[in-house]
Amino acid sequence: MASPLPVEAIRTLSEQHSKPPNVHYQYGTAGFRTLGNLLDSVMFRVGILAALRSKRLDGKTIGVMVTASHNPEPDNGVKLVDPRGEMLEASWEAHATNLANAPTTDAFIDALDAFVKTLRIDLSKPARVVYARDTRPSGPALIAALEDGFKAIGAEARNAGVTTTPVLHYLVKAINTKGTKDTYGEDSEEGYLQKLSTAFKKLVAGKSALPPLVIDCANGVGALVGEKLTQQLQDTLQLILHNTAVNTPGALNNACGADFVKTSQRLPPSLASVLRPGQRACSLDGDADRLIYFYLDDRGQFRMLDGDKIAALVAAFIVELTKSAGLEGEIQVGIVQTAYANGGSTKYLSERLPVKCVPTGVKHLHHAAEHYDIGVYFEANGHGTVLFSPETLHRLASHQPSTPAQSTALNHLINLTQLINQTVGDALSDMLLVEVVLAHKSYSGLEWDSLYVDLPNRLVKVIVPDRSIFKTEDAERRLVSPPGLQAKIDELVRRYDGGRAFVRPSGTEDVVRVYAEATVRSQADELAFRVAGMVYDEVGGDPTKRPAEFL
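Cut-offs applied
- Residues numbered from 1 in each chain as written.
- Predicted model: local features only at pLDDT ≥ 70, side-chain atom pairs only at ≥ 80, totals over all residues.
- Heavy atoms only, no water.
- Helix = DSSP H or I, 4+ residues; strand = E, 2+ residues; numbered from the N terminus.
- Rg over C-alpha atoms; globule rule 2.2 N^0.38 Å.
- Contact = heavy atoms within 4.5 Å.
- Areas by Shrake-Rupley, 256 points an atom, 1.4 Å probe, with all protein chains shown as cover.
- Lys, Arg positive; Asp, Glu negative; His and termini not counted.
- Charge placed at Lys NZ, Arg CZ, Asp CG, Glu CD.
- Core = buried A, V, L, I, M, F, W, Y, C linked by side-chain atoms within 4.5 Å.
- Buried < 20%, exposed > 50% of the residue type's maximum accessible area, 1.4 Å probe, protein only.
- Disulfide = S-S within 2.5 Å.
- Axes fitted to C-alpha atoms, helices over the stretch in contact; angles between N-to-C directions.
- Parallel < 35°, antiparallel > 145°, perpendicular 65-115°, else oblique.
- Left-handed = near helix turned anticlockwise from the far one by under 90°.
- Nonpolar A, V, L, I, M, F, W, Y, C, P; charged D, E, K, R; others polar.
- 1 Å grid on protein atoms, 1.4 Å probe; cavity = no way out; pocket = protein on both sides within 12 Å on 5 of 7 lines; lining within 4 Å.
- Points joined across faces, edges and corners; volume = space filled by probe spheres on them.
- Pairing = 2+ DSSP bridges.
- Phe/Tyr/Trp six-rings, centres within 6.5 Å; stacked < 30°, edge-to-face > 60°.
- Salt bridge = Lys/Arg side-chain N within 4 Å of Asp/Glu carboxyl O.

Enquirer: Got a minute to help me understand the overall build of the chain in this structure?
Expert: Secondary structure assignment for the chain yields 18 helices and 19 strands. Rg of the C-alpha trace for the chain: 24 Å, near the compact-globule value of 24 Å for 551 residues, within the 12% margin. On the principal axes, the C-alpha backbone points of the chain span a range of 70 × 65 × 45 Å. Partitioning the intrachain contacts of the chain with sequence separation of at least 6 by distance along the chain shows that 70% fall at a separation of at least 24. In the structure as shown, the chain presents an accessible area of about 22,400 Å², 51% of it carried by carbon and sulfur atoms. Within the chain, one finds 57 positive and 64 negative side-chain charges whose respective centroids are separated by 2 Å.

And the structure:
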């Protein structure tokens, strides 16, 4: 190695950010995530790790986002973003976990030294990072610890301030593609908003103006970026922002936001007096990377349009455009779902395009979507995007349409590649995408909702002593362990019309989740609670503590 680790600088600053005893940190799909007041040492070490990742990749810019997304306000977290705006390479998750858990400064320096040698990181290379945070009160102190990490290793760091997670992903890709033929856009928040709004205006030009859209900003950073987007869109689409109290303690994600709407399946109470029958609205989550739509029907009943509904709307529209552009057979559009996708959506989509089911988790969805020319993925929770392969982008740019109608459809597809944030699920970009389709189809929430009927479903949590005994296969739809349990579930499911059920361990806590659906609500509930009871008894759950609803 040309130059050694700056051990003394690391030691001096590390002593100011010592690891608390008896806390174990784990880098998962969402990075490190726990209570904000436990993350000081992690932030310092992540600052150094991000710089080493940059050196390992020849000085490419790495992103660092400080957020806990849809979690309650006291939580916080941090995740790294790789040069193309994608999630940190999976093999580095273990390195991050290992460095975060070194008990002392000396142990941390030893672990760093071993890590640099094992990965043959050339320390003479430059280190470049760009970092941002959401609106959580714990953010500024955690950013200060992160900056100490950058300082200790001598990284060139750019502060992108307070912004959404998708904007940070965009910035990373824009910085790394600047001045190349693959340039992604101007590397600023302003550039991001400009790119989205310009594409949106082109896509809805000549269409009837859409009625105003109510947006629940979850009292998070989406309110700040949403306000700037409103100014860019002007009268093309009127956005009415609610839940924008970013400085009110305790307000973030509290009885509002995409996660609240999806899990409680009801209107945020703050919108009860705002929304009128027939009016559509949407909720962002705390860092604006998830989106859930909803509307009130003519009886004033709440109707949710979740990630499955968004995927169906968008995928069918893109298939239609590729046909109209004369590209059918040349460009394959595919959709990726998880086992949690509603059976109604899977049936609707599989009649129109290839559908692939993968295990839960964004990395699985994103990876599978990359195998299609145009890959659409959305989780039911509202996190998703559309990926266009490099070959597809080239084909769209070089395709010669033979009629004016083909030319129009082709231009729409090209503008969609600009509107959609392909690095990550992006609530504001996805929202504009939905609005484009609604404008083209002249759909209200009701017409969109009636594309297919959701099968009634129920999700039940079962607390277990050890979730590791539950092993799955077939994209988490079948259990291989404990032995014999899947056969009992199969036997039970056969008794229900349209029945489907699966059991999978949580990735984060000692619970297993039971998902069930059937053609009738009461049957879906009964099936879920019967399977839950079966699981509880299987792991030797205490009969005196058995939840009353488990059958």
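Now that the structure has been shown, the text picks up again.
Enquirer: Help me understand the nonpolar core in this model?
Expert: One finds Leu416 and Met431 to be the most contacted residues of the largest nonpolar core, which totals 74 residues. Looking at this core, the element that brings in the most residues is helix α10 (residues 307-324), giving 11 residues. Aside from chain neighbours lying at most four places away, what touches Leu416 is Leu203, Phe317, Ile318, Leu321, Phe388 and Leu433.

Enquirer: What exactly am I supposed to notice about the state of the cysteines here?
Expert: Here, disulfide denotes a covalent bond that connects the sulfur atoms of two cysteines. The tally for this structure, following the rule as stated, stands at 0 disulfides. For the unlinked cysteine Cys282, the closest cysteine sulfur is that of Cys217, found at 8.1 Å. Since its relative accessible area comes to 0%, Cys282 is described here as buried.

Enquirer: I tried to follow the packing of helix α2 (residues 40-56) against helix α5 (residues 139-153) on my own but got confused; where do I start?
Expert: A pair of packed helices is captured by two measures, namely the crossing angle of their axes and the spacing between those axes. The interhelical angle for the contact between α2 and α5, taken along N-to-C directions, is 40 degrees, at an axis separation of 7 Å. Here α5 runs oblique to α2, going by the angle between their axes. Considering the relative orientation of α2 and α5, their crossing is right-handed. Residues Asp40, Met43, Phe44, Val46, Gly47, Ile48, Ala50, Ala51, Leu52 and Lys55 of α2 touch α5, and the partners they reach there are Leu142, Ala145, Leu146, Asp148, Gly149, Phe150, Ala152 and Ile153. Within the contact of α2 with α5, the residues separate by chemical class into 13 nonpolar, 2 polar and 3 charged.

Enquirer: How should I be thinking about the layout of surface pockets in this particular structure?
Expert: A probe matching the size of a water molecule, rolled over the atoms, marks out where space remains unfilled. If you add up the space inside the second largest pocket, you get close to 970 Å³. Along the wall of the second largest pocket there are 30 residues; nearest its centre are Lys173, Phe388, Pro390, Leu393 and Gln422. Contributions of two or more residues to the lining of the second largest pocket are made by α6 (165-177), α12 (362-369), β14 (384-388), α13 (390-398) and α14 (404-419). Counting residues per element, the lining of the second largest pocket draws most heavily on α13, at 5 residues. In terms of residue class, the lining of the second largest pocket is built from 11 nonpolar, 11 polar and 8 charged.

Enquirer: Got a minute to help me understand the sheet that holds strand β19 (residues 511-517) in this structure?
Expert: Strand pairing in a sheet takes place through backbone hydrogen bonds and is either antiparallel or parallel in direction. Spatially, the 3 strands line up as an open sheet ordered β15-β19-β18, and their pairing is antiparallel. Edge positions in the sheet fall to β15 (457-463) and β18 (500-505), since each has one partner strand and no second. In this sheet, neighbouring strand axes are inclined to one another by 15 degrees on average, regardless of whether the strands run parallel or antiparallel. Contacts from helix α18 (residues 521-538) reach β15, β18 and β19 within the one sheet, and its direction differs from that of β15 by about 20 degrees.

Enquirer: When you look at the packing of aromatic side chains in this model, what are you seeing that I'm missing?
Expert: Evaluation of the coordinates by the stated rule reveals 13 aromatic pairs. Centre to centre, the rings of Phe294 and Phe302 are 5.6 Å apart; their planes meet at 40 degrees, and the pair counts as tilted. A ring pair is formed by Tyr340 and Tyr515, whose centres lie 5.9 Å apart and whose planes are at 80 degrees; its orientation type is edge-to-face. Of this pair, Tyr340 sits in the loop between β11 (333-337) and α11 (343-350) while Tyr515 sits in strand β19, placing them 175 residues apart in sequence.

Enquirer: How do you make sense of the sheet that holds strand β3 (residues 75-81) when you look at a structure like this?
Expert: If you trace the 5 strands from one edge of the open sheet to the other, you get β1-β3-β2-β4-β5, paired in mixed fashion. Edge positions in the sheet fall to β1 (32-35) and β5 (156-162), since each of these pairs with one other strand and no more. Direction aside, neighbouring strands of the sheet carry axes that sit 15 degrees apart on average. Looking at chain direction, β1 and β3 are connected through 4 bridges and run antiparallel. Following the sheet pairing, Thr34 is matched in β3 by Asn76.

Enquirer: Whenever I open this one, empty space enclosed by the protein confuses me. Can you help?
Expert: All told, the structure shown has 2 cavities of 30 Å³ or more when counted by the stated rule. Considering only enclosed or pocket space, the largest cavity measures out at about 50 Å³ in volume. Every residue along the wall of the largest cavity is listed here: Tyr27, Gly28, Thr29, Lys79, Leu80, Met87, Leu88, Glu93 and His169. Considering only residue class, the lining of the largest cavity consists of 4 nonpolar, 3 polar and 2 charged. The calculated volume of the second largest cavity comes to roughly 40 Å³. Forming the walls of the second largest cavity are Phe32, Val42, Arg45, Val46, Leu49, Ala96, Leu99 and Ala100. Mapped onto the lining of the second largest cavity, the elements with two or more residues apiece are α2 and α3 (91-100). Of the residues forming the lining of the second largest cavity, the biggest block, 4 residues, is contributed by α2.

Enquirer: Teacher, can you tell me more about the side chain of Asn71 here?
Expert: Take Asn71: it is sitting in the loop between β2 (61-66) and β3. Residue contacts for Asn71: discarding those within four places in its chain leaves Arg33, Arg136 and Asn253.

Enquirer: Looking at this model, I keep getting lost on the environment of Arg299. Mind explaining?
Expert: In this fold, Arg299 is placed in the loop between β9 (291-296) and β10 (302-305). In this structure the C-alpha to C-alpha distance between Arg299 and Asn342, which are 43 residues apart in sequence, comes to 25 Å.

Enquirer: Would you explain the pairing of β10 in this entry?
Expert: Each regular strand carries side chains that alternate between the two faces of the sheet. Here β9 pairs with β10 via 4 bridges, running antiparallel. Residue pairing for β10: Phe294 is matched across the bridge by Met304. Hairpin connection of β9 to β10: 5 residues between the antiparallel strands, including Gly300 at a positive phi of 80 degrees.

Enquirer: Hey, could you run me through the pattern of salt bridges in this one?
Expert: Oppositely charged side chains may form a pair once their charged atoms are brought near each other. Counted according to the given criterion, the structure contains 33 salt bridges. The residue Arg352 makes a salt bridge to Glu351 at a minimum N-O spacing of 3.5 Å. Exposure remark for Glu351: the relative accessible area of 53% places this residue in the exposed category. Taking the shortest distance from any N to any O, the salt bridge between Glu526 and Arg530 comes out at 3.5 Å. Residue Glu526 and its partner Arg530 are both found in helix α18; the two are separated by 4 residues, about one turn of the helix. Glu526 gets classed as partly exposed once you look at its relative accessible area, which sits at 29%. Ionic contacts of the salt-bridge type, sharing partners, join the residues Glu8, Arg11 and Asp106 into one network.

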